[in-house]
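Structural features, examined
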Amino acid sequence: MPCHMTKLEAARAFERRAAARIPAADRPGFHLTPPVGWMNDPNGFCFYHGAYHLFFQYYPYDTVWGPMHWGHATSADLLHWTYLPCALAPDTDADAAGCFSGSAAPLPDGRLLLMYTGVQPAGADGRQAQMQCIAVGDGLDFEKDPQNPVIPAGLLPEGFGTADFRDPKVWRENGAYYCVAACRHAQDQGSILLFESPDARRWQFVTVLDSSRDRLGKMWECPDFFALGDTRVLLISPQEVCADENGELHPGDATAALLGRYDPVTHAFDRRKVQAVDDGLDFYAPQTALAPDGRRILIGWMQCWATTGQAPRPHPWYGRMSLPRELFLRDGRLCQRPVREIETLWQAETRLAGITVEARTALPGIRGRSLDLNVTVDADASPACRRFALRFAEGGGLFAEIRCDLALGELVFDRSRCGSRRDIPHTRRVRAVPHSGKLTLRLILDKDCAELFVNDGERVLSVLVDAPETAQGISFAAFGGPVRLDVVQHELRA
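Calculation rules
- Residues numbered from 1 in each chain as written.
- Predicted model: local features only at pLDDT ≥ 70, side-chain atom pairs only at ≥ 80, totals over all residues.
- Heavy atoms only, no water.
- Buried < 20%, exposed > 50% of the residue type's maximum accessible area, 1.4 Å probe, protein only.
- Helix = DSSP H or I, 4+ residues; strand = E, 2+ residues; numbered from the N terminus.
- Pairing = 2+ DSSP bridges.
- Salt bridge = Lys/Arg side-chain N within 4 Å of Asp/Glu carboxyl O.
- Core = buried A, V, L, I, M, F, W, Y, C linked by side-chain atoms within 4.5 Å.
- Contact = heavy atoms within 4.5 Å.
- Expected span 1.5 Å × (residues − 1).
- Axes fitted to C-alpha atoms, helices over the stretch in contact; angles between N-to-C directions.

**Overview of the pairing of strand E5 (residues 98-106)**
The buried count for E5 comes to 8 of 9 residues, which makes it a mostly enclosed element. Inspection of the sheet shows E5 paired to strand E6 (residues 112-120) by 8 bridges, in the antiparallel sense. Bridge assignment links Gly102 to a residue of E6, and that residue is Tyr116. What sits between the antiparallel neighbours E5 and E6 is a turn of 5 residues, in which Gly110 has the positive phi angle 95°.

**Regarding the pattern of salt bridges**
Summed over all chains, the structure comprises 36 salt bridges. Across the pair Asp270 and Arg272 runs a salt bridge, and its minimum N-O distance is 2.8 Å. Take Asp270: its relative accessible area is 38%, and that puts it in the partly exposed class. Taking the shortest distance from any N to any O, the salt bridge between Arg415 and Asp282 comes out at 2.7 Å. Remark: Asp282 occurs in the loop between strand E16 (268-276) and strand E17 (284-290) and Arg415 occurs in the loop between strand E26 (410-414) and strand E27 (427-431); sequence separation between them is 133 residues. Taking the relative accessible area as the measure of exposure, Arg415 reaches 3% and is therefore buried.

**Quick notes on the nonpolar core**
Soluble globular proteins tend to bury their nonpolar side chains together. Residues Phe388, Phe392, Ile402, Leu411, Leu441 and Phe476 are the most contacted members of the largest nonpolar core, which totals 41 residues. Ignoring anything within four residues of it in the chain, the contact list for Ile402 reads Phe388, Ala389, Leu390, Phe392, Leu411, Val412, Phe413, Leu441, Leu443 and Leu452. Grouped together as the second largest cluster of nonpolar side chains are 33 residues, Trp81, Ile299, Val460 and Leu492 included.

**Structural notes on helix H1 (residues 7-20)**
With 14 residues, H1 ought to run about 20 Å at 1.5 Å a step, and its terminal C-alpha atoms sit 20 Å apart, in line with that. Every buried residue of H1 is listed here: Leu8, Ala10, Ala11, Arg12, Ala13, Glu15, Ala18 and Ala19. Contacts from the buried residues of H1 go to strand E2 (51-59), strand E3 (69-75) and strand E4 (82-88).

**Some points on the sheet that holds strand E30 (residues 459-464)**
Taken in spatial order, the 6 strands line up as E22-E32-E23-E28-E29-E30 in an open sheet, and their pairing is antiparallel. Here the strands that pair on one side only, and so sit at the sheet edges, are strand E22 (346-357) and E30. Averaged over all pairs of adjacent strands, the angle between their axes in this sheet comes to 15°, without regard to strand direction. Both strand E29 (residues 449-454) and E30 contribute to a ladder of 6 bridges, which runs antiparallel. Its bridge partner being in E30, Leu452 is matched across the sheet by Leu461.

Now the structure itself:
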């Protein structure tokens, strides 16, 4: 770093030079990647001054995790992103070891508030201190508050410490500011704390909204807290989860929605239900934003901590965001659909109605790696069929496969044959029962990104596939007896 440049100026100069050397063809078509270097959690997802802003955990200098900065991009349609200069760098005493995850909220005076976790270097005990900081700016440049951290260790209730205190999600409501932040309790483990402020600078602790009590992971990260109709949703990313009897959450690091009721007067949250947000092999740390038309939009990091260390680094960037999704409730379950803006990418359409398939076959016009594919399995019209299989990214002996056991009401996503040589999880199994005699699968492909929406978003699985882009084939098969299908495919332009 030249001696006359600040850390932020140096990061901006580096990313500008390095990103200019990366061709657009080296990236997915509509999944956001970092300009260069490393990306993880989405941060500061919001609509501000006529555009969607998405910040993200960022280390521009290498494709591995490093001292955290905040990258920044904007979009008019949630699909095509424009890179803006790096927003935050670890350059003050309050955040010298990293600017960790956080959020954003427009201020009444027209400026944009960023709230993030400032990490201070490890002390004599070998542990870093994490506390909450703010910066305010015009959507391009931000000035950190000289009082940072604005939520210091002294505001934590008994039993909580700053070694695992992070990821504030801030919002303004009824003239006051609130934020939820993740913290770890000595006995209750992962917990979500609620804070309140009159001005986003002077904060006070309000309550513990919810805790694992050592039954839902050891640490909770990346909270989000919002209303969908009469239901209050608390999103968390729990770590070290054990599988439960009903198999709702997979072991390890997961994403979960806690659904319940919230009293804005007493600030009591009554959890009624726990469900997975995404059952895939590559999804973590989702965050939401409220669109101008009232939609609640979710986006997540389309990677997984358990697999990043072994992952190949074929590009000068690493990490990508999921396709943004619209959230809605159906029959008491949080569901997701791809944002409707994806229809603006639709090109050539192939529509096949009432197709009968038994032996493995390719269907005319159905192939590719940038597409929106809808398959309706008519289980009622296929009484002898016990299992249905869809292969994609097929070619040269490689493929990824979706297998649906219609008798058991179970779906398996399997990427073990797509070319990976890593000893990592390659399959995921979820419940998938036909509704009114039909099972629907919507598969969005964007090069190596695959996102499957089951039964109109009742279940979602996000998975990266290693098969080369030349593997364009898609095929179908039935077992036990023929299956009747309706298939609609739209090719997608980048």
